[in-house]
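# Analysis of the macromolecular model
Spelled out, the chains give:
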Amino acid sequence: MTDKPIMEIGISTFLEASTNPATGERISHTERIRRAVEEIVLADQVGLDVYGIGEHHRYEYAASAPAVILAAAAAQTKHIRLTSAVTVLSSDDPVRVYQQFATLDAISNGRAEIMAGRGSFIESFPLFGYSLNDYEQLYDEKLELLLAIRESEKVTWRGSRHRAALDNLGVYPRAVQNPLPVWIATGGNVESSVRAGMLGLPVVYAIIGGMPERFAPLVERYRRSAATAGHDVNKLQIATHSHGIVADSSERAAELLFPGTQASMNKIGRERGWGSQYTRATFDEDCKLKGCLYVGDPEYVAEKIVLLRRNLGVTRFFLHCDIGSIPHRDILRSIELLGTKVAPLVRKELALTEGKA
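Criteria and thresholds
- Residues numbered from 1 in each chain as written.
- Predicted model: local features only at pLDDT ≥ 70, side-chain atom pairs only at ≥ 80, totals over all residues.
- Heavy atoms only, no water.
- Helix = DSSP H or I, 4+ residues; strand = E, 2+ residues; numbered from the N terminus.
- Rg over C-alpha atoms; globule rule 2.2 N^0.38 Å.
- Contact = heavy atoms within 4.5 Å.
- Lys, Arg positive; Asp, Glu negative; His and termini not counted.
- Charge placed at Lys NZ, Arg CZ, Asp CG, Glu CD.
- Buried < 20%, exposed > 50% of the residue type's maximum accessible area, 1.4 Å probe, protein only.
- Pairing = 2+ DSSP bridges.
- Phe/Tyr/Trp six-rings, centres within 6.5 Å; stacked < 30°, edge-to-face > 60°.
- Lys NZ or Arg CZ within 6 Å of the ring centre and 35° of its normal.
- Polar contact = N/O pair within 3.5 Å; in protein donor to acceptor, adjacent residues only side chain to side chain.
- Core = buried A, V, L, I, M, F, W, Y, C linked by side-chain atoms within 4.5 Å.

## Quick look at the overall build of the protein
- The helix and strand tally for the protein stands at eleven helices and twelve strands.
- Relative to the globule expectation of 21 Å for 357 residues, the C-alpha radius of gyration of the protein, 20 Å, shows essentially globular dimensions.
- Dimensions of the protein, computed from the C-alpha atoms along their principal axes, are close to 60 × 50 × 40 Å.
- Of all intrachain contacts in the protein linking residues separated by at least 6 positions in sequence, the fraction that spans at least 24 positions is 72%.
- On the protein, the mean spot of the 41 positive side-chain charges and the mean spot of the 43 negative ones are 2 Å from each other.

## Topic: the pairing of strand 6 (residues 154-157)
- Residues V155 and W157 point to one face of strand 6 and are all buried, whereas K154 and T156, pointing to the other face, are not buried.
- Note that strand 6 and strand 7 (residues 166-170) share three bridges and pair antiparallel. Among the inter-strand pairings, W157 is bridged to a residue of strand 7, identified as L166.

## A word on the packing of aromatic side chains
- All chains considered together, the criterion is met by six aromatic pairs.
- Their ring planes at 90° and their centres at 5.9 Å tell us that F14 and Y61 sit as a pair that is edge-to-face. Of this pair, F14 sits in the loop between strand 1 (8-13) and helix 1 (29-45) while Y61 is found in the loop between strand 2 (50-53) and helix 2 (66-74), placing the two residues 47 residues apart along the sequence.
- Taken together, a centroid distance of 4.8 Å and an interplanar angle of 55° make the contact between Y294 and F317 tilted. Of this pair, Y294 sits in strand 11 (residues 294-296) while F317 sits in strand 12 (residues 316-320), placing them 23 residues apart in sequence. Summarising the burial analysis for this pair, Y294 and F317 share the class buried.
- Through successive ring pairs, a cluster of aromatic residues spans F14, Y61 and F121.
- Above the ring of F258, the side-chain terminus of R280 is found at 5.1 Å from the ring centroid.

## Describing unusual backbone geometry
- In this model, A85 is joined to V86 through a cis peptide bond whose omega is 20°.
- Backbone torsion omega between Y172 and P173 reads 0°, so that peptide bond is classified as cis.
- In this model, N109 sits at a positive phi of 60°, which is unusual for a non-glycine residue.
- Here N109 lies in the loop between helix 3 (94-108) and strand 5 (112-117).

## Thoughts on helix 6 (residues 190-199)
- For helix 6, every residue scored as buried is listed here: S192, S193, R195, A196 and G197.
- In this structure, the buried side of helix 6 is in contact with helix 5 (135-151), strand 8 (182-186), strand 9 (203-206) and helix 7 (216-228).
- Measuring from the side-chain oxygen of the N-cap residue of helix 6 to the backbone nitrogen of E191 gives 2.8 Å; that N-cap residue is N189.
- Phi turns positive one or two residues past the end of helix 6, at G200, with a value near 70°.

## Observations regarding the nonpolar core
- In terms of nonpolar packing, the biggest core is built from 96 residues, with L48, Y51, Y205, F283, V295 and V346 touching the most fellow members.
- Broken down by element, the residue count for this core peaks at nine residues, all from helix 11 (residues 328-354).
- Excluding residues within four positions of it along the chain, V295 makes contact with G244, I245, A253, A254, L257, F283, C287, Y300 and V301.
- Counting nine residues, the second largest nonpolar core, distinct from the first, contains V86, W183, V204 and F318.

## Some thoughts on the environment of I69
- Assignment of secondary structure puts I69 in helix 2.
- Distance from I69 to D167, taken between C-alpha atoms, is 32 Å for residues 98 residues apart in sequence.
- Ignoring anything within four residues of it in the chain, the contact list for I69 reads L15, I33, A36, V37, I53 and A62.

## Focus on the pairing of strand 1
- In terms of residue burial, strand 1 counts as a mostly covered element, since six of its six residues are buried.
- Along strand 1, one buried face is formed by E8, G10 and S12 and the opposite face, lined by I9, I11 and T13, is buried too.
- In this structure, strand 1 lies alongside strand 12, joined through four bridges in parallel fashion. The residue of strand 12 that forms the bridge with E8 is R316.
- With four bridges joining them, strand 1 and strand 2 adopt parallel strand pairing. By the bridge assignment, T13 is partnered in strand 2 with I53.

Coordinates in, geometry out; function isn't part of it.
Quick look at the structure:
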């Protein structure tokens, strides 16, 4: 494996297959999955570092089995790392999760990762027979088991009312990487930051509203927890996931992203009882330099990523540019620009200011 760049830059997606608010059209789940493989191949070709697929079980998403899709792309790529973004660990079985991603690790020759999270939607709980009353306990227990599995070929685990005990049982295949990377994914929960730090695990923050700099106290808690637990703070990895799109002009980028963003945010808002509507004024505010949306031409998006690095010390940035209604050619163009224009600009600026290659 080659040394990591000063900052890793990549793509994350939920494989949206939602309806275009302007035309009423939508692509099939089948087509969206096929397009994902094409996107990963392109991302690898243009030099991006990582591509993540988030597990969802809703009609408007096609990503219920990220490891399968990532494995299809693994056979056609050489360098890009392949991760879930996230695996909804609370409603899955840690043995199967490890086996699936260890298999992906074999196909990709050591490029697989897992992001373990609770998930921002709850459909998987009734789908797989779990109660939301056990939301916290399920995650804690299953993360403990997943880490035990990656630590040792033979596993002994105490069991609980949610899962039978394991008594010196082997879990196969084993990953190429030892250990298989596991990230803690969070939307801003303090306990998740503390847990990741105590375990010495990398952390990824989903920043989908407000100003990214407001996550600085969480990053500080993460670092303090890691130091308290005896981990080397200088080796910690911090990632963020943010919505946006790169286009040849900032005007074109905003034109592409706003309609679908408004439709998606208002739909989720109705489901969760937010009350207020998502407006163009809100969108424009979020597109400003300190806002949460990374929307613009390559120079502007690069400037925002550099600011993010300075405010939070991030080592990896995910751009989520697929909201289901953007033409596929524009998604591909965004990936191309992110790899060939944005990433080099970011790394050049950081090399100058931080004195690193």
